[in-house]
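# Topology and contacts: notes
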Amino acid sequence: MAFFGFKHGVHPPEEKELTSGLPIRRMPYPDEIILPLRQHAGKPATLCVKVGDYVERGDPVGHADGYMSVPIHASAAGTVSAIDLWPHPDGSYAQAVHIKVDKYALQAARPRMVPRWEGLTVQQVVKAVQDAGVVGLGGAAFPTHVKLAPPKDYTVHTLIINGAECEPYLTSDHRTMVEFPDRVHFGCRVMMHTLGVTKAVIGVERNKPDAIEALERAKPKDLDITILPMTVKYPQGAEKMLIHAVTGVEVPSGKLPVTVGVVVQNVGSLAAIAEVFDTGLPLLERIVTVTGHGLKRPANLIVPVGTKMKDLLAYCDGVTPNAAEVIIGGPMMGQSLANLEAPVIKGTTGVVVLTADEVRGEKVYPCIHCGRCLEACPVFLNPSWLGDLARVKRYDEMAANHLSDCMLCGSCSYVCPSNIPLSQLFQASKAALRRIQTAGAA
Ligand code: SF4
Ligand code: SF4
């Protein structure tokens, strides 16, 4: 199968060797679990427990609030000890359910009905996936059931599975493919069946040869699934870049992948779908890469959703004396963590502890119009010009210059010799535009 790649992009140091060879281990249950009701794209869940309630592992603590929402489940048995506003990994505060974990509980989820997916209608599969609270585990946390039922006006012909994991440091998808290739293929089977497609492509960057081999070995003979090795380039895991790399087709500005007949899903999400139809368990835990030169014992861990970041770092023997910053996600698109009390949520792919040497100097110099950011931008924007507009708050002009196409990949900031935090400027500008548009609509 041809590999098309995409133009521009960057090649940051991979830094994956810290954890790429480490098998996934299960982290013990912490003393307390914190479950924010807002942890996916779409509407937050609505609270359905009260302080003092005892919940079993797998019981809902928040119901889905409409179609663009999923429930949140207790990832450990215990007593609801508080419901309050709590630090969220995105830097804000969100309503959260605290569970004091019952240390004597078996933590075996109540036996649940395991739906036999082959006999289900599309609507029943979609409902089972929504009820299980499955969202995209690649970071964006988009509700998976919505992708399983694309609008009827479009015909989906190809399912593309995202195994690129192009962010430096992160290896949770890599290890999922190496250790659980059968689950990835099973999830792929359910998704192909539900979407009614006969063709799937799993794109994996060539720096994961063991993952490519494991997926090839486990490939079902009765399905047309291609494992496509891809050259290593950032941000190949971004949905539109991946579609171009695999099919050579460009998704038009402002349009969804389905308009070109494609649905994209992350390998971790496929493994989560497999779990739903294999065990009947909702999404209670996820694989997190905890890594960085500022961490004493990097690891790939199965972590109960709701585990506090400080407990996660403590389990990895804590940080080194020269640790300077904790990033949630990878260093290119991730966010600096403001509060270690914030919990792991469904979209937490990794936690990276950077040392003082790795943290970029604060000094920002004027733009020297070198054009490197233009050469790096994979969606062909002019980051230098957009940066000028952001500084003087000319948001309308930024919108006219396609700010909405910016995926905040950070490639422009990465190459800028003047240290201009371009992607942060664009993130703030997008938020300002949203506020202006919301105020205008009110
Ligand atoms: S302008 Fe946006 S899409 Fe382009 S390189 Fe910068 S962050 Fe990425
Ligand atoms: S890379 Fe930085 S210095 Fe060069 S043109 Fe872009 S904003 Fe200006």
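Residues numbered from 1 in each chain as written. Chains lettered and ligands numbered in written order. Predicted model: local features only at pLDDT ≥ 70, side-chain atom pairs only at ≥ 80, totals over all residues. Heavy atoms only, no water.

### Points about helix α6 (residues 239-247)
Here is the rule: Accessibility here uses a 1.4 Å probe with only protein chains present; expressed as a share of the type maximum, an area under 20% marks a residue as buried, one over 50% as exposed, and anything in between as partly exposed. Strands are runs of DSSP state E lasting at least 2 residues, helices are runs of H or I lasting at least 4, and numbering of each runs from the N terminus. It only takes one pair of heavy atoms within 4.5 Å for two residues to be counted as in contact.
The complete set of buried residues in α6 reads M241, L242, I243, A245 and V246. Where α6 is buried, its residues contact β9 (158-163), β10 (199-205), β11 (224-230) and β12 (262-266).

### Description of the nonpolar core
Applicable threshold: Residues belong to a common nonpolar core when they are buried Ala, Val, Leu, Ile, Met, Phe, Trp, Tyr or Cys residues joined through side-chain atoms within 4.5 Å.
With 40 residues, the main nonpolar core has L159, C188, M191, I202, V204 and F277 as its most contacted residues. Setting aside anything within four residues of it in sequence, one finds V204 in contact with G163, M177, A211, I212, L215, I227, L228, P229 and M230. L295, V326, V344 and V353 belong to the second largest nonpolar core, which has 18 residues in total.

### Re the sheet that holds strand β3 (residues 46-47)
Which entries qualify depends on this criterion: Here, a strand pair is defined by DSSP locating no fewer than two bridges between the strands.
Taken in spatial order, the 3 strands of this open sheet run β3-β5-β6, and their pairing is antiparallel. Strands with a single pairing partner mark the edges of an open sheet, and in this sheet they are β3 and β6 (72-73). Direction of pairing for strand β5 (residues 60-63) relative to β6: antiparallel, over a ladder of 2 bridges. Paired with P60 across the strands is H73, a residue of β6.

### Brief notes about the packing of aromatic side chains
Our working definition: Aromatic rings from Phe, Tyr and Trp, with only the six-membered ring used for Trp, were paired whenever their centres fell within 6.5 Å, and each pair was classed as stacked if the ring planes differed by under 30 degrees, edge-to-face if by over 60, and tilted otherwise. Only when the NZ of Lys or the CZ of Arg is both within 6 Å of the ring centre and within 35 degrees of the ring normal is a charge said to sit over the ring.
With the rule as written, the count across this model stands at 0 aromatic pairs. Sitting over the face of the ring of F6, K233 holds its NZ or CZ atom 4.4 Å from the ring centroid. If you follow R297 out to its NZ or CZ, it ends over the ring of Y315, 5.2 Å from the centre.

### Description of the site of ligand 1
Which entries qualify depends on this criterion: Near is defined per residue: the residue qualifies when any heavy atom it owns lies within 4 Å of the molecule or strand.
Around ligand 1, the structure places 14 residues, and the nearest of them are C377, C406, C409, G410 and C412. Looking at the shell around ligand 1, the elements with two or more residues in it are α12 (411-415) and α13 (422-441).

### Comments concerning the site of ligand 2
To keep things clear, this is the line we draw: In this classification, the charged set is Asp, Glu, Lys and Arg, the nonpolar set is Ala, Val, Leu, Ile, Met, Phe, Trp, Tyr, Cys and Pro, and all remaining amino acids, among them Gly, are polar.
All residues adjacent to ligand 2 are C367, I368, H369, C370, G371, C373, S384, C416, P417, S418, I420 and L422. Across the shell around ligand 2, the residue classes tally to 8 nonpolar, 4 polar and no charged.

### Some remarks on the packing of helix α3 (residues 172-179) against helix α5 (residues 209-218)
Here is the rule: Each axis is a line fitted through C-alpha atoms, and for a helix only the stretch in contact is used; angles between axes span 0 to 180 degrees, taken between their N-to-C directions. Handedness of a crossing is defined here by the sense of rotation of the near helix relative to the far one, left-handed for an anticlockwise turn of less than a right angle and right-handed for a clockwise turn.
Where α3 meets α5, the axes come as close as 7 Å, and the angle between the chain directions of the two elements is 35 degrees. Where α3 crosses over α5, the handedness of that crossing is left-handed. Along its contact with α3, which presents H174, R175, M177 and V178, the element α5 presents D210, A211, A214 and L215. Here the residues of the contact of α3 with α5 sort into 5 nonpolar, 1 polar and 2 charged.

### So, the pairing of β11
As a reminder of what qualifies: For crossovers, right-handed means that the path from the first strand over the helix to the second runs clockwise, given strands pointing away from the viewer.
Note that β10 and β11 share 7 bridges and pair parallel. The partner of I202 across the bridge, within β11, is I227. In this fold, β10 hands off to α5, which returns the chain to β11; that crossover is right-handed.

### Things to note about the environment of Y154
Along the chain, Y154 turns up in the loop between α2 (144-148) and β9. Given a relative accessible area of 34%, Y154 falls into the partly exposed group. On a C-alpha basis, the gap between Y154 and L312 in space is 43 Å, while along the polypeptide they are 158 residues apart. Setting aside residues up to four positions removed in sequence, Y154 forms contacts with V258 and T259.

### Concerning unusual backbone geometry
A cis geometry characterises the amide bond from Y234 onward to P235, with omega recorded as 5 degrees. If you trace the backbone, P235 turns up in the loop between β11 and α6. You will see that H8, though not glycine, has its phi angle at about 65 degrees, which is positive. Its place among the elements puts H8 in the segment before β1 (25-26). Given the relative accessible area of 24%, H8 is considered partly exposed.

### Observations regarding the pattern of salt bridges
The condition is simple: Just to be clear on terms, a salt bridge is a Lys or Arg side-chain nitrogen sitting within 4 Å of an Asp or Glu carboxyl oxygen.
What the rule picks out here adds up to 18 salt bridges. E32 is paired through a salt bridge with K308; the nearest N and O atoms lie 2.8 Å apart. In this pair, E32 sits in strand β2 (residues 32-36) while K308 sits in the loop between β14 (299-304) and α8 (309-315), placing the two residues 276 residues apart along the sequence. Here K308 falls in the buried class, since its relative accessible area comes to 9%. Ionic pairing is found between K310 and E341, a salt bridge with its closest N-O pair at 2.8 Å. Highlighted residues: K310 in helix α8 and E341 in the loop between β16 (335-336) and β17 (350-355), separated in sequence by 31 residues. Its relative accessible area of 35% is what places K310 among the partly exposed residues. For E341, a relative accessible area of 22% translates into the label partly exposed. Taken together, the salt bridges that share partners define one network made up of E32, K308, K310 and E341.

Interpretation in functional terms is not warranted from these geometric data alone.
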